Amino acid sequence: MCANFTVDDEGKPVVNTNGTEIGVVQDVDAGVAYVEPGPEMTDSIKSRLQRDREVADGMENYQLDEEYVDEVTAEEIRLQRF
């Protein structure tokens, strides 16, 4: 899938193949989505996503590469099976 991230995607939950929310898109910059991980984001997923930058309160954001995205809907971003 070719994900074309826009500012409209900010605030959308990112879910795994089981539909479990693993994070939220905090920012989109130049078509790249940056995800704040939730407690359900596993180390396996984190290892595949590029840790991009630290934000307030020591939280880390992860760059969401479109190669890992199965579908972008009006409500969520669903990841492919890794």
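The rules behind these values
Residues numbered from 1 in each chain as written. Predicted model: local features only at pLDDT ≥ 70, side-chain atom pairs only at ≥ 80, totals over all residues. Heavy atoms only, no water. Helix = DSSP H or I, 4+ residues; strand = E, 2+ residues; numbered from the N terminus. Buried < 20%, exposed > 50% of the residue type's maximum accessible area, 1.4 Å probe, protein only. Contact = heavy atoms within 4.5 Å. Areas by Shrake-Rupley, 256 points an atom, 1.4 Å probe, with all protein chains shown as cover. Core = buried A, V, L, I, M, F, W, Y, C linked by side-chain atoms within 4.5 Å. Pairing = 2+ DSSP bridges. pLDDT = per-residue confidence, 0-100.

Student: How would you summarise the overall build of the chain if you had to cite specific residues and measurements?
Tutor: Helix and strand counts for the chain come out as one helix and seven strands. The helix and strand sequence of the chain, counted from the amino end, reads β-β-β-α-β-β-β-β. Counting across all 82 residues of the chain, residues that qualify as buried make up 32%. By sequence separation, contacts in the chain at least 24 residues apart represent 41% of the contacts at least 6 residues apart. Of the roughly 4,800 Å² of accessible surface on the chain, a fraction of 39% belongs to carbon and sulfur atoms.

Student: So what's going on with the nonpolar core? Residues and values would help.
Tutor: Core analysis: the largest hydrophobic core is formed by 16 residues, its most contacted members being Phe5, Val14, Val25, Met41, Leu49, Leu64 and Ile77. If you list the elements that add at least two residues to this core, you get strand S2 (21–29), strand S3 (32–37), strand S5 (60–64) and strand S7 (77–79). Setting aside chain neighbours within four positions, we find Val25 in contact with Asp9, Glu10, Gly11, Lys12, Val14, Ala33, Tyr34, Val35 and Ile77.

Student: Which residues make up the pairing of S3, and what are the values?
Tutor: When S2 meets S3, the two strands line up antiparallel, connected through six bridges. Considered in S3, the bridge of Gly23 is made with Pro37. With three bridges connecting them, S3 and S5 associate as antiparallel partners. When the bridges of S5 are listed, Tyr34 appears paired with Gln63.

Student: Residue-level account of unusual backbone geometry, with values.
Tutor: In this model, Ala30 sits at a positive phi of 55°, which is unusual for a non-glycine residue. Note on placement: Ala30 falls in the loop between S2 and S3. Judged by relative accessible area, Ala30 falls into the exposed class, the value being 78%.

Student: Quick one: what's the story with the environment of Val25, residue by residue and with numbers?
Tutor: Along the chain, Val25 falls in strand S2. Once the C-alpha coordinates of Val25 and Glu10 are considered, the two residues, 15 residues apart in sequence, prove to be 5.1 Å apart.

Student: A description of the confidence of the model for the chain should follow, citing residues and the corresponding values.
Tutor: Looking at the chain, the pLDDT average stands at 86 and 85% of residues meet or exceed 70. The spread of mean pLDDT over the elements of the chain runs between strand S4 (residues 50–54), the lowest at 66, and strand S1 (residues 13–15), the highest at 97.

Student: Before we move on, could you go through the environment of Phe5 and cite the residues and values that matter?
Tutor: With respect to the helices and strands, Phe5 occurs in the segment before S1. Sequence separation of Phe5 and Val32 is 27 residues, and the distance between their C-alpha atoms is 6.2 Å. Discounting residues that sit within four places of it in the chain, Phe5 has contacts with Val28, Gly31, Ala33, Leu64, Val69, Val72 and Ile77.

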